[in-house]
Amino acid sequence: MLLAIVNATVIPVEGEEFEGTILVRDGRIAELGADVAVPEGATVLDVAGAQVTPGLVDAHVHLGVHPEGDGGAASDTNEMTNPNTAGVRTIDAIDPYDEGFDLALAGGVTTVNVNPGSGNPIGGQATTLHTHGRIVDHMVLREPAGIKSALGENPKRVYGEKKQTPSTRLGTAKIIRDAFVAAQNYQRRHADPDNDKRHDVDLTMEALGKVLAREIPWRQHAHRADDIVTALRIQAEFGYDLVIDHGTEAHLVADLLAERGVPVLIGPLFTTKSKMELRGRSIANPGKLAAAGVEISIITDHPVIPISFLVHQASLAVREGLDRETALKAITINPAKVLGIADQVGTLEPGKRADLVVWSGDWMDPMARPRTVLIDGAVVFEHDATTGEERVAPRSDVPLALAQE
């Protein structure tokens, strides 16, 4: 398939904005620039000067595991039967027919990372996938994409009510340390040729081993500054790649995060301060973190904030001090880096997937909206400005070979 998107105001994220053409071949960006010729036989999409950005990336959602409109009754976000459920995988619970995926497309979000919830100190394995498709395996871009862990009020509340460990922050940190020590012991046993049980497999230990080997990151739910410092302390003890999720008070320890090179996925930014940990929430915090040298991504935690509001969180963060360029990176290339898929999505450049958003105005303007959204070069969403109608393409399979590249 050959597609030429012409008369575009192209915002590649990394590189200068230009007026020109994006040429897409077999789902990948083949060429782009001001002087790109349209090959004979190409399908032409004339966007009449509209801005074109990469598809947006939300690195922390619960799409498909916490369905829209059920009040949590059908939620599969937390397996709260054991404080350590590192072996569970969100891919086994994602429903691609959750209408939240259509909402994502309406907001220009083409890639998401589905996390387990924060009820357990160790919640399980995340899945990174496209936001359109029929079979979740064919939508996957990376799996597992990290292991979710939680510090702070949520796990201590859940297990405190059960009268079991952890009921305090002390206990939560011990659960995490115990799990990593057990994984290290498991690895030593498996490396011992004289151990008769060295071939026995424990799925929980195997998952934690991927973190210790730095194959996948440790996704640390933490709001308060002291919890963030605890996360840094445990990271230093075990030597894994750490990502801070939420980071409500991360600006208070931004120097430590910048020094360690630990990214922060900040958000959601539009909720009320509904619990003690959120007293420091402010839309000005992304700008404070970025100014201190911390790499930030902005997240919705959908369904906490509707995923279509991702771009608006970025826009209002600009109003409160974040620079425009960093704001766009915070919803494109920065989360793609965290998810380990920056070679596939997050910027517009040859070889990357043709995940594109054609905007009705300036992407940062709250009055603008995605006019056309493409995933792997196929139109999956359109908004008709005349009628107000939104059209989502029928769910279909991305060729498996492409999905697994």
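This is a predicted model, so every value here is computed, not measured. (Residues numbered from 1 in each chain as written. Predicted model: local features only at pLDDT ≥ 70, side-chain atom pairs only at ≥ 80, totals over all residues. Heavy atoms only, no water.)

Caption draft 1: Broad picture of the sheet that holds strand β15 (residues 296-298). On the basis of which strands lie adjacent, the open sheet formed by 6 strands has the order β8-β11-β12-β13-β14-β15 and mixed pairing. The open sheet has two edge strands, β8 (122-125) and β15, and neither has a second partner. Neighbour to neighbour, the strand axes of the sheet diverge by 25° on average, direction disregarded. Helix α6 (residues 225-238) contacts β12 (218-222) and β13 (242-246) of the sheet and is inclined by roughly 165° relative to β13. (Pairing = 2+ DSSP bridges. Helix = DSSP H or I, 4+ residues; strand = E, 2+ residues; numbered from the N terminus. Axes fitted to C-alpha atoms, helices over the stretch in contact; angles between N-to-C directions. Contact = heavy atoms within 4.5 Å.)

Caption draft 2: Spatial organisation of the pairing of strand β11 (residues 147-150). Where burial is concerned, the two faces of β11 agree: the one with Ile147 and Ser149 and the one with Lys148 and Ala150 are both buried. Judged from the 3 bridges that link them, β8 and β11 form a sheet pairing that is antiparallel. Counterpart to Ile122 in the pairing with β11 is Ser149. Bridge count between β11 and β12: 4 bridges; the pairing is parallel. The partner of Lys148 across the bridge, within β12, is Arg219. (Buried < 20%, exposed > 50% of the residue type's maximum accessible area, 1.4 Å probe, protein only.)

Caption draft 3: Molecular detail of the packing of aromatic side chains. Following the criterion strictly, the structure yields 5 aromatic pairs and no others. Here Phe180 and Tyr240 contribute two aromatic rings whose centre-to-centre distance is 4.9 Å and whose plane-to-plane angle is 25°, an arrangement assigned as stacked. On the criterion of sequence distance, the pair formed by Phe180 in helix α4 (residues 169-191) and Tyr240 in the loop between α6 and β13 is long-range, its members being 60 residues apart. The residues Phe180 and Tyr240 share a single accessibility class, namely buried. Ring centres of Trp218 and Tyr240 lie 5.7 Å apart, and the angle between their planes is 50°; this geometry places the pair in the tilted category. Here Tyr240 lies in the loop between α6 and β13 and Trp218 lies in strand β12, a separation of 22 residues in the sequence. Accessibility classification places Trp218 together with Tyr240 in one group, the buried group. Following the ring pairs from residue to residue traces out a cluster consisting of Phe180, Trp218, Phe238 and Tyr240. (Phe/Tyr/Trp six-rings, centres within 6.5 Å; stacked < 30°, edge-to-face > 60°.)

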